[in-house]
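# Structural overview for review
Residue strings, one per chain:
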Amino acid sequence: MPHLVLHELEAWVLLGHDALGELTGDDALARAVQAIVTQARGAELVNDGAGTAPSTRLLRLFPLYRKTVVRWQVKGCVVA
């Protein structure tokens with residue numbers, strides 16, 4: 001059974017702020033991401049529009065981040 005998320009896959013990246021800090025070697029990045037999640041009251045709630053979407057926030061904090069786009073096909077329809 002597939003697992004669907006409310007918004008972007010990047011919400012999981014926000015939720016894994018500690019691992020993100022370890023992977024990047026940037027504790028300040030981890031704290032900034034944690035603050036975003038805390039302020040929104042949950043990683044899935046971080047999204048008030050295109051300017052505040054999880055991927056946009058990650059790009060602002062970590063310019064080397066690359067948004068993940070997954071496309072798959074269901075009964076002839078492409079879902080992105």
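Below, the structure is looked at part by part.

Thresholds, definitions, all that
Per chain, residue numbering runs from 1 following the sequence as it is written. Local features in a predicted model are, by the rule used here, given only for residues with pLDDT of at least 70; side-chain atom pairs are given and counted only at 80 or more, and totals for whole chains, interfaces and linings are based on all residues. Where side-chain values are given, they derive from all heavy atoms of the structure, hydrogens and water being excluded. Lines fitted to C-alpha atoms define the axes, with helix axes restricted to the stretch in contact, and inter-axis angles between N-to-C directions lie between 0 and 180 degrees. Where helices and strands are cited, they refer to DSSP runs of H or I of at least four residues and of E of at least two residues respectively, numbered from the N terminus. Orientation categories follow fixed angle ranges, with anything under 35 degrees roughly parallel, anything over 145 roughly antiparallel, 65 to 115 roughly perpendicular, and all other angles oblique. Note on convention: near helix rotated counterclockwise from far helix by under a right angle means a left-handed crossing. Clockwise means right-handed. Note on contacts: a residue pair qualifies if any of its non-hydrogen atoms lie within 4.5 Å across the two residues. When residues are grouped by polarity, Ala, Val, Leu, Ile, Met, Phe, Trp, Tyr, Cys and Pro land in nonpolar, Asp, Glu, Lys and Arg in charged, and all others, Gly among them, in polar. Only protein chains enter the calculation, and the probe is 1.4 Å; a residue is then buried if its accessible area is under 20% of its type maximum, exposed if over 50%, and partly exposed in between. By definition, the arc is the one covered by directions from the helix axis to the C-beta atoms.

### Focus: the packing of helix H3 (residues 27-40) against helix H4 (residues 54-61)
At a minimum axis separation of 11 Å, H3 and H4 run at an interaxial angle of 150 degrees. In terms of their interaxial angle, H3 and H4 are classed as roughly antiparallel. The two elements H3 and H4 cross, and the hand of that crossing is right-handed. Packed against H3, whose contacting residues are Leu29, Ala32, Val33 and Ile36, the element H4 presents Arg57, Leu58 and Leu61 at the interface. Its residues assigned to classes, the contact of H3 with H4 shows six nonpolar, no polar and one charged.

### Quick notes on the packing of helix H2 (residues 17-24) against H3
Helix-helix packing is described using two parameters, namely the angle between the two axes and the distance between the axes. In the contact formed by H2 and H3, the axes pass within 8 Å of each other and the chain directions differ by 160 degrees. Taken together, H2 and H3 sit at an angle that is classed as roughly antiparallel. Our pair here, H2 against H3, has a crossing hand that is right-handed. Residues His17, Leu20, Gly21 and Thr24 of H2 lie in contact with H3, whose contacting residues are Leu29, Ala30, Val33 and Gln34. A class-by-class count of the residues in the contact of H2 with H3 yields four nonpolar, four polar and no charged.

### Considering H2
Every buried residue of H2 is listed here: His17, Leu20 and Gly21. Projected down its long axis, H2 carries its buried residues within an arc of 100 degrees, all on one side. Across H2 from its buried face, at more than 90 degrees, point the exposed residues Asp18, Glu22 and Leu23. Looking at the buried positions of H2, the neighbouring elements they touch are helix H1 (10-15), H3 and H4. Directly beyond the C-terminal end of H2, a positive phi value near 70 degrees is found at Gly25.

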